[in-house]
Amino acid sequence: MKAPKNFARYQFLAKRFLKAGRLPALLSSAARKREKLGSGFAELADQLKLMQALCLAWWRGEYRKIDSRALLAVVAALLYFVTPLDALPDWLFGFGFIDDLAVLAWVMRTWQVELGAFQQWRTAQTPEVLRVVERLPEVDESITVTNGSLQ
């Protein structure tokens, strides 16, 4: 399957975010934006929750059995989601999330084995463990877009 248009740019940004330790800020920004989705985007919200849970478990060192390319794709998809000015600007109500949904669906389909393995690991955890592992980190920084690039 061919990657969505401009996805390589987001993978490059994802690599920079991971190296710079900015994953907590990205996850907080993604969670805030996900909470604003309407009920018509339940599938999108579920995919985002799974990807966010994976990133949190990886960041906390609880789950590392993931191909580095899959992790990079998940982080890139989250970056794409939080960026308001992507292929279809998010302010185009009803249409602005179509490209986000397409990118997330591509990542879910391309890395379904990796994400399925994580989902199995997640299901085997107690609710108490998941509360700790999936708690959003306390960060005072957020992701902003300046001159078309993520900061």
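Described below are features of the structure shown in this document. All values reported here derive from a predicted model rather than from experimental measurement. (Residues numbered from 1 in each chain as written. Predicted model: local features only at pLDDT ≥ 70, side-chain atom pairs only at ≥ 80, totals over all residues. Heavy atoms only, no water.)

Points about the nonpolar core
Consideration 1: The biggest cluster of nonpolar side chains holds 44 residues, and the ones touching the most others in it are Leu-78 and Val-107.
Consideration 2: Elements with a contribution of two residues or more to this core: α1 (7–19), α2 (23–35), α3 (42–59), α4 (68–82), α5 (98–110) and α6 (112–123).
Consideration 3: With 13 residues, α4 is the largest single contributor of residues to this core.
Consideration 4: In this view, Leu-78 contacts Leu-26, Leu-27, Ala-30, Leu-48, Met-51 and Cys-55; residues no more than four positions away in its chain are not counted. (Core = buried A, V, L, I, M, F, W, Y, C linked by side-chain atoms within 4.5 Å. Buried < 20%, exposed > 50% of the residue type's maximum accessible area, 1.4 Å probe, protein only. Helix = DSSP H or I, 4+ residues; strand = E, 2+ residues; numbered from the N terminus. Contact = heavy atoms within 4.5 Å.)

Observations regarding the environment of Ala-77
Consideration 1: Considering the arrangement of structural elements, one finds Ala-77 in helix α4.
Consideration 2: Looking at Ala-77, the relative accessible area reads 1%, which means it is buried.
Consideration 3: Residues Ala-77 and Val-103, spaced 26 residues apart in sequence, show a C-alpha to C-alpha distance of 6.3 Å.

Some points on the pattern of salt bridges
For side chains bearing opposite charge, pairing can occur when the charged atoms are close.
Consideration 1: Taken as a whole, this structure holds 3 salt bridges when the rule is applied.
Consideration 2: Asp-67 is the salt-bridge partner of Arg-69, the closest N and O atoms lying 2.8 Å from each other.
Consideration 3: Under the relative-accessibility criterion, Arg-69 is labelled exposed at 53%.
Consideration 4: Note that Glu-128 is salt-bridged to Arg-131, the shortest N-O span being 3.8 Å. Placement of the pair is Glu-128 and Arg-131 together in helix α7 (residues 127–133), with a separation of 3 residues, close to one helical turn. (Salt bridge = Lys/Arg side-chain N within 4 Å of Asp/Glu carboxyl O.)

Re α4
Consideration 1: In a regular helix each residue adds 1.5 Å, so 15 residues correspond to 21 Å; α4 covers 21 Å between its end C-alpha atoms and thus fits that length.
Consideration 2: A distance of 2.7 Å separates the backbone nitrogen of Arg-69 from a side-chain oxygen at the start of α4, and that oxygen is part of Asp-67. (Expected span 1.5 Å × (residues − 1). Polar contact = N/O pair within 3.5 Å; in protein donor to acceptor, adjacent residues only side chain to side chain.)

Some remarks on the side chain of Arg-34
Consideration 1: Looking at the secondary structure, you find Arg-34 in helix α2.
Consideration 2: It is Glu-35 that comes nearest to the buried, bridge-free Arg-34 among opposite-charge side chains, at 4.6 Å.
Consideration 3: A polar side-chain atom of Arg-34 sits 2.8 Å from a polar atom in the side chain of Gln-52.
Consideration 4: Dropping the residues within four chain positions of it, Arg-34 is found in contact with Ala-45, Leu-48, Lys-49, Gln-52 and Phe-81. (Lys, Arg positive; Asp, Glu negative; His and termini not counted.)

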